[in-house]
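# Commentary on secondary and tertiary structure
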Amino acid sequence: MSSPISAARQTVYLNGCFLPLAEAKISVMDRGFLFGDGVYEVIPVFGHKLLRGDAHLRRLQHSLDRISLQNPMSDSDWMQLFARVLEKNPGENRAIYLQISRGVYPSRDLTVKSGYPATIFMMVLPVKEIDLALLAKGIKAITIEDFRWDACDIKSTSLVASVMLRQQATRAKVEDAVLVKHGYVTEGTASNLFLVDGNTLITPPTGHQLLSGITREIILDLATENNIPVIQRPVSQQALYHADEIWLASSTREIAPVVKLDDQLISKGAAGPMWQRMMGWYQLQKQAGR
Ligand SMILES: Cc1ncc(COP(=O)(O)O)c(C=O)c1O
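Residues numbered from 1 in each chain as written. Predicted model: local features only at pLDDT ≥ 70, side-chain atom pairs only at ≥ 80, totals over all residues. Heavy atoms only, no water.

The next subject is the packing of aromatic side chains. With the rule as written, the count across this model stands at six aromatic pairs. Consider the rings of Phe 194 and Trp 247, whose centres lie 6.0 Å apart with planes at 40°: the pair is tilted. Taken together, the positions of Phe 194 in strand E10 (residues 192-197) and Trp 247 in strand E13 (residues 245-250) put the pair 53 residues apart, joining distant regions of the chain. Like Phe 194, the residue Trp 247 is buried in the burial classification. Three or more aromatic residues joined by ring pairs make a cluster, and in this case those are Tyr 40, Tyr 97 and Phe 121. The positively charged end of Arg 31 is found above the aromatic ring belonging to Tyr 105, 4.4 Å away from the centroid. Lying over the aromatic face of Phe 18, Lys 88 brings its terminal NZ or CZ to 4.9 Å of the ring centre. (Phe/Tyr/Trp six-rings, centres within 6.5 Å; stacked < 30°, edge-to-face > 60°. Helix = DSSP H or I, 4+ residues; strand = E, 2+ residues; numbered from the N terminus. Buried < 20%, exposed > 50% of the residue type's maximum accessible area, 1.4 Å probe, protein only. Lys NZ or Arg CZ within 6 Å of the ring centre and 35° of its normal.)

Encoded structure:
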């Protein structure tokens, strides 16, 4: 088994070159740096298999289309590049971080112009192996008003609102926040939300208020395959407190059960039975690399 990658030994990809992380430099005039004018993806890799690499590339294309930035590569070129960057950073549990910004302009100007190549950066993040026993203890969260913009379907590098929201959760000494807009739940600070009502799985529908998570997509597929009824509908804040279970799901966190929300225990303060089943299916999916 290969040893995990450490930051010091990281080989990253920047604009056509592979180089040590410490030597990867971009211009201060990069629009990603000046404006957060870029998009990104985080693609989990188990063993040597990307988990739903095709879905991540589909979402990347969606984000690029939404900000009118041309995709600098074809899907097959991306896949080849992913394979090369993974080869240079061996390990078992990893994730590819890919960021594309609108590149470097000679002056600081919001206006978009043609003729400037995008900045492409890629690194491999070591991902901690999920400790199922620890995860089953669950996490605490608070509800916070979601003050982000009306374009949360874009996986944008402009993340200052998310940083502020997470900071609010940290100050409240909880792991995460469930975001609520006009009385209805959108998602977590970097995850999608599910609730369990009896035998039914409920999640807010995709749209401009939340990111269409790939883990969310996997969970919905697994529920369907296993005959669990699924409803995608708006979820009121009040519905949260009556839920049998609440989960927050993302590529790096997988599926975290929320066992305390605000001052209220959820599923008696422990991971619920539906979570146990879904985690089992999810682990099999990971091993199969589908
Ligand atoms: C705002 C937001 N929602 C949802 C997710 C979950 O997406 P995925 O399952 O593709 O990791 C993320 C992941 O980072 C996120 O940042």
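What follows concerns a nonpolar patch on the surface. Together, Ile 26, Val 28 and Phe 33 make up a nonpolar patch on the protein surface, roughly 330 Å² of accessible area in all. Counting through the fold element by element, Val 28 comes out in the loop between strand E2 (17-20) and helix H1 (31-35). Taking relative accessible area as the criterion, Val 28 reaches 56% and is therefore assigned exposed. (Patch = residues over 30% accessible without salt bridge, like charges linked within 9 Å, V, L, I, M, F, W, Y side chains within 5 Å. Areas by Shrake-Rupley, 256 points an atom, 1.4 Å probe, with all protein chains shown as cover. Salt bridge = Lys/Arg side-chain N within 4 Å of Asp/Glu carboxyl O.)

Turning to the environment of Val 235, a few remarks are in order. With respect to the helices and strands, Val 235 occurs in the loop between strand E12 (230-232) and helix H7 (237-241). A relative accessible area of 1% places Val 235 in the buried class. Discounting residues that sit within four places of it in the chain, Val 235 has contacts with Gly 183, Tyr 184, Val 185, Leu 195, Ile 202, Thr 203, Pro 204 and Leu 240. (Contact = heavy atoms within 4.5 Å.)

To continue, consider the layout of surface pockets. When its volume is computed, the largest pocket comes out at roughly 890 Å³. Taken together, 32 residues make up the lining of the largest pocket; nearest its centre are Tyr 40, Lys 155, Thr 189, Ala 190 and Ser 191. Every element with two or more residues in the lining of the largest pocket is listed here: strand E3 (38-46), helix H5 (160-171), strand E9 (184-188), helix H6 (214-225) and E13. The element contributing the most residues to the lining of the largest pocket is H5, with five residues. A domain-level breakdown of the lining of the largest pocket finds at least three residues from each of domain 1 (7-126) and domain 2 (132-288). In this structure, the second largest pocket spans a volume of roughly 370 Å³. Forming the boundary of the second largest pocket are 14 residues, of which Lys 128, Glu 129, Ile 130, Leu 134 and Leu 135 lie nearest the centre. Broken down by secondary-structure element, the contributors of at least two residues to the lining of the second largest pocket are strand E6 (119-126) and helix H4 (132-135). (1 Å grid on protein atoms, 1.4 Å probe; cavity = no way out; pocket = protein on both sides within 12 Å on 5 of 7 lines; lining within 4 Å. Points joined across faces, edges and corners; volume = space filled by probe spheres on them. Domains from an automatic or database assignment.)

Along the chain, Thr 186 turns up in strand E9. Residue class for Thr 186 comes out buried when judged on its relative accessible area of 5%. A distance of 2.7 Å separates a polar atom in the side chain of Thr 186 from a polar atom in the side chain of Asp 146. (Polar contact = N/O pair within 3.5 Å; in protein donor to acceptor, adjacent residues only side chain to side chain.)

The next point concerns the site of the ligand. Every one of the 15 residues lining the ligand counts as a neighbour, but Arg 59, Glu 187, Ile 214, Thr 215 and Ser 251 are closest to it. Lys 155 is positioned such that a nitrogen or oxygen atom in its side chain is 3.1 Å from an oxygen atom of the ligand. At 2.6 Å, a side-chain N or O of Thr 215 approaches an oxygen atom of the ligand. Considered on its own, the ligand offers 390 Å² of accessible surface; in the complex 90% of this is hidden by protein. (Near = heavy atom within 4 Å.)

With that settled, the discussion passes to the domain arrangement of the protein chain. Along its sequence, the protein chain is carved into domain 1 (7-126) and domain 2 (132-288). The distance between the C-alpha centroids of domain 1 and domain 2 comes to 26 Å. Taken together, the contacts link 23 residues of domain 1 with 25 residues of domain 2. Buried area between domain 1 and domain 2, both sides added, is near 1,900 Å², and the carbon and sulfur share of it is 55%. Its largest share of buried area at the contact with domain 2, domain 1 owes to Tyr 40, Arg 52 and Arg 59, together 34% of the area lost on that side. Linking domain 1 with domain 2 are four salt bridges. When the shortest N-O distance is used, the salt bridge between Arg 52 and Asp 221 registers 2.8 Å. (Buried area = accessible area lost by both parts, 1.4 Å probe.)

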